[in-house]
Amino acid sequence: MSLRVQAIGPACTVQDLGRSGYLDRGLSRSGAADVLALYEGAALLGQSPDLAQLEMAGLGGTFEATQGLRFALTGAPMQATIDGATIAWNASHSLEPGQTLVIGAAMQGNYGYLHLGGGIDTTPFLGSRSTHLTANIGAAIQAGDVLPMGPDKGEAGKKLRPDNRFSGGLLRIVSSFQTELFDQSTLDRFTATTFQRGARANRMGMQLESDGAGFAAKGQLNILSEVITPGDIQMTGTGNPFILLPECQTTGGYPRIATVLPCDMPRAVQTPAGARVQFEFVSLDQALAADTAFRSELMRLPRRIEDLVRDPHDIPDLLSYQLISGMISATE
Amino acid sequence: MTGTKTFPRIRSVGLDGALVTFADTMTEASNRAAIAFRYAVETLNWDGVIETSASLASTYLRFDPQVLPHEDVLERLRQMLERQDWYGAPLPKGRKLWHVPTVYGTDLAPQLDEAADAAGLSPKEAIHRLSQSRVRVLTIGFAPGQPYLGPLGPEFNIPRQKELTPMVPRGALVLAISQFVLFAGPTPTGWRHVGQTGFQCFRPDHADSFSLAPGDEVIFTSVTRDEYDSLQTDAMGGAVFEEITS
């Protein structure tokens, strides 16, 4: 089983939950930027969230089925059609042999996901199928590639009402070991500031911009390089924040003011350029409670799956349908 | 709180990490403590620990706080710190000593003379000292498999350049602040390019993808340009290793 890639956006990569255990060798985790989207796709297809899927940054591609298969679409909503007919996002569908799936540009958010029944069955490297572009592990998908698929059986035609996490908002942070390098007035100003996501963003990190002075640490230039974890908010030399993402470096000398809670990272990574973000410190106990709630939410996702019916709400662009000419059959 | 500089210090890292820091500078002793302590934590194999690493002067643990609560981690780490003097602890067993053929200077490593001058040495003396130095992999970072090595003698405590060198090739041996970095791939750098090797730090298509581990040791043996060229048919540029048994 496989899916043929006829055309593809510039930043589409195979991702799973990432690669742990190589931090001491200088290799960061990688893995899906929006982990929640991986779980949503797994729930829609009734399969494991450990399977690798296609992450599409900003723009999808054109795919042809060589055999009948099922797939799901989650994360940043993108325009999607099968042989020209619009299909619902946050839903699972069937693709018959010879049919063409076209996934366009993101309408909200950044990272959309194409999940295949059985997952993308590329060869694992160090226990994961995640591409890590900055480490030269794997490569961005190119036109002409064929995505191999694992064995699959199951239903399609399901939907999930997702949480809206595609327009920025409040991100909860906890203090980390370098927070103490920033004085209280800098920390207060940081949480009082509304940031805009800047233009510079990739799987290593995303830039935040604000008016006014930067957020410098004391002795900023003389800090010993120290461990970095995804979610860390790093201040560059000019005191401008970047949120570090799955392909971040493993160590660095720029100080980090705080760390975004893992459960708020899907919202962080899906914040489009220009959208607003604010930060709020929470205690470790509050963070743990939020983490527990998030994990149970992930476990509950399969129970939130509904049948996809031809409800007008499931059709993103009703006007693109030729309703009168009978293109949509009752059994579709 | 920030004024007290008593070490070792234990601090939390985000929601799911702990950092044991042995000094605010890299020294032979603080790096030794970080590597030895990290090895000891790995050996204990606590339920809930996801991964560990050693940076220049700290040991890091990532754990699942739902399995291993923060207060338990902190208490166990405190007990370990009290148990022994980690600054003089033996380094873990199973380490390697690499001999890496290196061209110092020439057009392949054009900043040797500049670095020697900054160290107050003749180029010949600088090559002699650098090629005789048995340095430790202090930590790996910045790029996969890429080592920071040292400490070199205090004469090599030379600052980084103000301007970046736009690009040095894979295998470049660069020097600053009494440390080497051996580059895993082509990169810009503020460190001075003093030697060139054919060493590969990271080979994703190879069974043993990472050539070096923290605690390994390296001697960058001086070879002539001709010897260097003849060694480049070998994937590792003629580098060989032996097990450190003592």
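Please refer to the structure higher up on the page.
Residues numbered from 1 in each chain as written. Chains lettered and ligands numbered in written order. Predicted model: local features only at pLDDT ≥ 70, side-chain atom pairs only at ≥ 80, totals over all residues. Heavy atoms only, no water.

Here the focus is the sheet that holds strand β2 (residues 17-21) of chain B. Residue and element names in this part refer to chain B. Reading across from one edge, β1-β2-β4-β3 is the order of the 4 strands in this open sheet, with antiparallel pairing throughout. Among the strands making up the open sheet, the edge pair consists of β1 (9-13) and β3 (49-54). Across the sheet, the axes of successive neighbouring strands diverge by a mean angle of 20°, strand direction being ignored. Bridge count for β1 against β2 is 5 bridges, and the pairing is antiparallel. Across the sheet, residue Ile10 finds its bridge partner in β2, namely Val20. Sheet contacts for helix α1 (residues 28-44): β2, β3 and β4 (58-63); angle to β3, the most-contacted strand, approximately 160°. (Pairing = 2+ DSSP bridges. Helix = DSSP H or I, 4+ residues; strand = E, 2+ residues; numbered from the N terminus. Axes fitted to C-alpha atoms, helices over the stretch in contact; angles between N-to-C directions. Contact = heavy atoms within 4.5 Å.)

This brings us to the packing of aromatic side chains. All told, the structure shown has 14 aromatic pairs over all chains when counted by the stated rule. Ring-pair connections join several aromatic residues into one group, and the members of that group are A:Phe190, A:Phe195, A:Phe215 and A:Phe279. Sitting over the ring of B:Trp46, B:Arg76 keeps its end group 5.1 Å from the ring centre. One residue, B:Lys96, lies across the ring of B:Phe241, its end atom 4.3 Å from the ring centre. (Phe/Tyr/Trp six-rings, centres within 6.5 Å; stacked < 30°, edge-to-face > 60°. Lys NZ or Arg CZ within 6 Å of the ring centre and 35° of its normal.)

With that settled, the discussion passes to the interface of chain A and chain B. Counting residues at the interface gives 35 residues for chain A, matched by 41 residues for chain B. In this assembly, chain A packs against chain B so that about 3200 Å² is buried in total across both faces, 59% of it on carbon and sulfur atoms. Scanning the region where chain A abuts chain B turns up 4 salt bridges. One salt bridge in this structure joins A:Asp24 and B:Arg38, with 3.2 Å as the shortest N-O distance. Between the two partners, chain A and chain B, sit 17 residue pairs in polar contact (both at pLDDT 80 or more). Of all elements in the fold, only β16 (226-227) and α4 (284-300) of chain A reach the threshold of two or more residues within the side of chain A that touches chain B. Sorting elements by how many residues they give to the side of chain A that touches chain B places α4(A) first, with 6 residues. Taken together, the residues of the side of chain A that touches chain B sort by class into 15 nonpolar, 12 polar and 8 charged. (Buried area = accessible area lost by both parts, 1.4 Å probe. Salt bridge = Lys/Arg side-chain N within 4 Å of Asp/Glu carboxyl O. Polar contact = N/O pair within 3.5 Å; in protein donor to acceptor, adjacent residues only side chain to side chain. Nonpolar A, V, L, I, M, F, W, Y, C, P; charged D, E, K, R; others polar.)

Take the pattern of salt bridges next. Residue and element names in this part refer to chain B. Within this structure, the stated rule accounts for 28 salt bridges over all chains. Glu75 is the partner of Arg78 in a salt bridge, and the nearest nitrogen-oxygen pair spans 2.8 Å. In this pair, Arg78 and Glu75 both sit in helix α2 (residues 70-83), 3 residues apart, roughly one turn of the helix. When its relative accessible area of 34% is taken as the criterion, Glu75 is described as partly exposed. A salt bridge links Asp229 to Arg225, with the shortest nitrogen-to-oxygen separation between them at 3.3 Å. In this pair, Asp229 and Arg225 both sit in helix α5 (residues 225-231), 4 residues apart, roughly one turn of the helix. Judged by its relative accessible area of 31%, Arg225 is partly exposed. (Buried < 20%, exposed > 50% of the residue type's maximum accessible area, 1.4 Å probe, protein only.)

We now examine the side chain of B:Gln111. Residues and elements named next belong to chain B. Residue placement: Gln111 occurs in the loop between β6 (103-104) and α3 (112-118). Of note is the side chain of Gln111, whose polar atom sits 2.5 Å from the side chain of Gln161. In contact with Gln111, other than residues within four places in its own chain, are Gln161, Thr165, Trp191, Arg192, His193 and Val194.

Attention now moves to the pairing of strand β15 (residues 205-209) of chain A. All names here are of chain A. In terms of residue burial, β15 counts as a mostly covered element, since 4 of its 5 residues are buried. In terms of strand pairing, strand β14 (residues 195-201) meets β15 through 3 bridges, oriented antiparallel. By the bridge assignment, Arg197 is partnered in β15 with Leu208. Linkage of β14 to β15, two consecutive antiparallel strands, is achieved through a turn of 3 residues. As paired elements, β15 and strand β18 (residues 241-244) share 3 bridges and run antiparallel to each other. When the bridges of β18 are listed, Met206 appears paired with Ile243.

Let us now look at the sheet that holds β15(A). Residues and elements named next belong to chain A. Read around the closed barrel, the 7 strands follow the order β13-β20-β17-β18-β15-β14-β21; overall the barrel is mixed. Neighbour-to-neighbour, the strand axes of this sheet turn through a mean angle of 40°, independent of strand direction. Relative to strand β21 (residues 276-281), strand β13 (residues 169-174) runs parallel, the two being bridged by 5 bridges. Its bridge partner lying in β21, Leu171 is registered against Phe279. Along the sheet, helix α2 (residues 184-192) makes contact with β13, β14, β17 (232-235), β18, β20 (256-260) and β21, crossing β21 at roughly 135°.

With that out of the way, let us pick up the environment of B:Pro154. All names here are of chain B. Along the chain, Pro154 falls in the loop between β8 (147-150) and β9 (165-168). Pro154 gets classed as exposed once you look at its relative accessible area, which sits at 71%. With 61 residues separating them in the primary sequence, Pro154 and Gly215 have C-alpha atoms 21 Å apart.

Residues and elements named next belong to chain B. The set of residues buried in helix α4 (residues 123-132) consists of Ala126, Leu130 and Ser131. Each buried residue of α4 lies within a common arc of 120° when the element is viewed along its axis, so the set occupies one face. Opposite the buried face of α4, by more than 90 degrees, sit the exposed residues Lys124 and Gln132. (Arc of directions from axis to C-beta.)

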